[in-house]
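Chain and residue survey
Take a look at the letters that make up each chain.
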Amino acid sequence: MEAPFSKNFENRTSLRLKVDRIINRENFGEFSLKSQHDPVYNVFLPLSLLAEALDQPDKATTVLIQSPREISDSLLKSALQQCWSLEDAGLYLRELEYNRGIELFYEDIFIPDSIASSVIKIFPSAQPIYTYFINTLQYKNALTPYSFVSTIPSYLDLADNSILLNNWTAQDLRVKVGDTVSLSYYIPIEYQELKEDTAVFVVGGIVPQKDYWADPSLMPPYPGLSDAGSCSEWDPGIPIDLKKIRPEDEDYWDKWRGTPKAFINLKMARTLWTNRYGTCTAIRFPFNIDISLSNIKSKLLKTLTPYDMGFSFYSVRRSMKKSVIEGVNFTPLFSGMSFFIIASALILTTLLFGFSIQFRSDKYTCLIAAGFTRMHIMKILWGERFITALCGSL
């Protein structure tokens, strides 16, 4: 998964397998979907075995469609539009407990902006949620390690520099309204690279741990966090120091799971934690007559297309033909190089011929004095050069 909090790629999985056979080129051992001249190194495994090893059941990165004739793109797109589901694109809907509504979340944590904006257009009453994992909440020398911070409900108003803390966090840090607290967190700067940053907020209120403020489902499906039984089992894709986790932090996790300990407004969350993956971790729909889980799914499937989610069709046959037709023609290049070599040889021969005449000028003067005509001397020169050229061409 390419996401800021995906598990580190260095955590590799190894498989010990028996070689069943070695496949040669005639039996598609060098099978490739790309036109290439380099050697192809393939290892073929059963799909079910590979999916189990990667913990990705019933999934594939590519589906091959075989047909004796070329299928039009419009027919393929129409067929995909009729059978695709939100789950195929990593989008999931769930009903929240205690009548909190319906939530749309993404398996890769951050919902892409293109999808989020489309959903908001379809359901204007929907509320984007942004929950982020931070390293510390600090007030003076008091520090609360590794917490989730989420955004406030849309019906509340909160200043950009204000933060709401729940009762547990306020007591842990021993703060009151008006105090200044700092947050430290990682932000992605490049692929698989993180930078720690800090933001300062004024405590604008202390909220009780009930209703919206005690909702563990605000925590997105962070790999290595949301599925952990205790804090000591955390294994996220960011560096954490498990030694900083205290017994009271373990108690909070046991009782409240990933319930956010602090809340800021959506605008500030997007400013602090902007990234190329998306600017919200969930979208919530309030319960009403017009909104139900089936209604949301139906409208999303009608409005969103598989191509909005990154699905695409690629004609291997057409690509191979195109690579042959549009192959690089080296004829002009080699013709130009040949002309250059020939011209260089002629220039070099002319120079050598001139130097030879200049070097033997005294001999030619004696020949003229002996009565040889200029035409006779030229015939002698051309005869010598002809013999030399004839020997060089053999």
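Just so we're clear, the structure is a prediction, and the values are computed from it rather than from any experiment.

1. Here we look at the overall build of the protein
- Secondary structure assignment for the protein yields eleven helices and ten strands.
- Taken over C-alpha atoms, the radius of gyration comes to 37 Å for the protein, far larger than the 21 Å a tight globule of 394 residues would show.
- Within the span of the protein, comprising 394 residues, buried residues form 36% of the whole.
- Within the protein, residue pairs in contact and separated by at least 24 positions form 73% of the contacts whose partners lie at least 6 positions apart.
- Split by element, the accessible area of the protein, about 25400 Å² in all, is 57% carbon and sulfur.

2. Digging into the nonpolar core
- Counting 41 residues, the largest nonpolar core has Ile163, Leu183, Tyr185, Phe201, Trp234, Ile264 and Trp273 as the members making the most contacts within it.
- Where this core is concerned, the elements lending two or more residues are strand 4 (132-139), strand 5 (142-151), strand 6 (162-166), helix 4 (167-173), strand 7 (180-190), strand 8 (193-207), strand 9 (262-264) and helix 6 (266-272).
- Ala89, Leu104, Ile111 and Phe285 belong to the second largest nonpolar core, which has 24 residues in total.

3. Re the side chain of Asn166
- Note on placement: Asn166 falls in strand 6.
- The buried category is assigned to Asn166, whose relative accessible area is 0%.
- Within the structure, the side chain of Asn166 is placed 2.6 Å from the side chain of Thr169, a separation counted as a polar contact.
- Within the structure, Asn166 has its side chain in polar contact with the side chain of Tyr252 (distance 3.2 Å).
- Sequence-distant contacts of Asn166, that is, excluding residues within four places in its chain, are made with Ile206, Val207, Gln209, Tyr252, Pro260 and Lys261.

4. Quick word on the sheet that holds strand 3 (residues 127-129)
- On the basis of which strands lie adjacent, the open sheet formed by four strands has the order 1-2-10-3 and antiparallel pairing. Looking along the sheet, the strands with just one partner apiece sit at the ends: strand 1 (91-95) and strand 3. Pairwise comparison of adjacent strand axes, ignoring direction, gives a mean angle of 25° for this sheet.
- Bridging between strand 1 and strand 2 (residues 102-106) involves five bridges; their strand directions are antiparallel. Pairing of Leu93 across the sheet is with Leu104, part of strand 2.
- In the packing of helix 3 (residues 113-122) onto the sheet, contacts are made with strand 1, strand 2, strand 3 and strand 10 (282-285), and the angle to strand 10 comes to roughly 10°.
- Strands strand 1, strand 2 and strand 10 of the sheet are contacted by helix 7 (residues 293-303), whose axis makes an angle of about 160° with strand 1.

5. What about the sheet that holds strand 8?
- Pairing is mixed in the closed barrel, where six strands are placed in the order 4-5-9-6-8-7. Each strand of the sheet is rotated relative to its neighbour by a mean of 45°, with strand direction disregarded.
- Here strand 5 pairs with strand 9 via three bridges, running parallel. If you follow Thr151 over to strand 9, its bridge partner there is Ile264.

6. What about the packing of aromatic side chains?
- If you walk through the whole model with that rule in mind, you get 18 aromatic pairs.
- Between the aromatic rings of Phe148 and Tyr222, the centroid separation amounts to 5.4 Å while the plane-to-plane angle is 40°, which identifies the pairing as tilted. Of this pair, Phe148 sits in strand 5 while Tyr222 sits in the loop between strand 8 and helix 5 (247-256), and the two are 74 residues apart along the sequence.
- With a relative accessible area of 1%, Tyr222 lands in the buried category.
- Between Trp234 and Trp253, the aromatic rings sit 5.2 Å apart at their centres with planes inclined by 75°, giving edge-to-face as the arrangement. Of the two residues, Trp234 sits in the loop between strand 8 and helix 5 while Trp253 sits in helix 5, which places them 19 residues apart along the sequence.
- For Trp253, a relative accessible area of 3% gives the class buried.
- Members of the aromatic cluster, joined through ring pairs, are Phe133, Tyr146, Phe148, Tyr222, Trp234 and Trp253.

7. Comments concerning the pattern of salt bridges
- Here the structure, examined in full by the defined rule, presents 13 salt bridges.
- Across the pair Asp172 and Arg246 runs a salt bridge, and its minimum N-O distance is 2.9 Å. Linking Asp172 in helix 4 with Arg246 in the loop between strand 8 and helix 5, this pair joins segments that are 74 residues apart in sequence.
- Residue Asp172 is classed as buried on the basis of its relative accessible area of 15%.
- Residue Asp215 is joined to Arg284 by a salt bridge in which the shortest nitrogen-to-oxygen separation is 2.8 Å. Note that Asp215 is positioned in the loop between strand 8 and helix 5 and Arg284 in strand 10, a separation of 69 residues in sequence.
- Sharing partners across several salt bridges, the network here consists of Arg94, Arg100, Glu103, Asp215 and Arg284.

8. A closer look at the pairing of strand 7
- Where strand 4 meets strand 7, three bridges bridge the pair, whose relative direction is antiparallel. For Leu137, the partnering residue across the bridge sits in strand 7 and is Leu183.

9. Description of unusual backbone geometry
- Positive phi outside glycine occurs at Tyr98, with the angle close to 60°.
- The residue Tyr98 is located in the loop between strand 1 and strand 2 in this model.
- One non-glycine residue, Ile109, lies in positive phi territory at about 75°.

10. Remarks on the side chain of Thr281
- Positionally, Thr281 belongs in the loop between helix 6 and strand 10.
- Using a relative accessible area of 2% as the deciding quantity, one classes Thr281 as buried.
- A polar side-chain atom of Thr281 sits 3.1 Å from the main-chain amide nitrogen of Thr131.
- Beyond its immediate sequence surroundings of up to four residues, Thr281 is in contact with Phe105, Ile109, Phe110, Ile111, Ile129, Tyr130, Thr131 and Pro220.

Procedures and definitions
- Residues numbered from 1 in each chain as written.
- Predicted model: local features only at pLDDT ≥ 70, side-chain atom pairs only at ≥ 80, totals over all residues.
- Heavy atoms only, no water.
- Helix = DSSP H or I, 4+ residues; strand = E, 2+ residues; numbered from the N terminus.
- Rg over C-alpha atoms; globule rule 2.2 N^0.38 Å.
- Buried < 20%, exposed > 50% of the residue type's maximum accessible area, 1.4 Å probe, protein only.
- Contact = heavy atoms within 4.5 Å.
- Areas by Shrake-Rupley, 256 points an atom, 1.4 Å probe, with all protein chains shown as cover.
- Core = buried A, V, L, I, M, F, W, Y, C linked by side-chain atoms within 4.5 Å.
- Polar contact = N/O pair within 3.5 Å; in protein donor to acceptor, adjacent residues only side chain to side chain.
- Pairing = 2+ DSSP bridges.
- Axes fitted to C-alpha atoms, helices over the stretch in contact; angles between N-to-C directions.
- Phe/Tyr/Trp six-rings, centres within 6.5 Å; stacked < 30°, edge-to-face > 60°.
- Salt bridge = Lys/Arg side-chain N within 4 Å of Asp/Glu carboxyl O.

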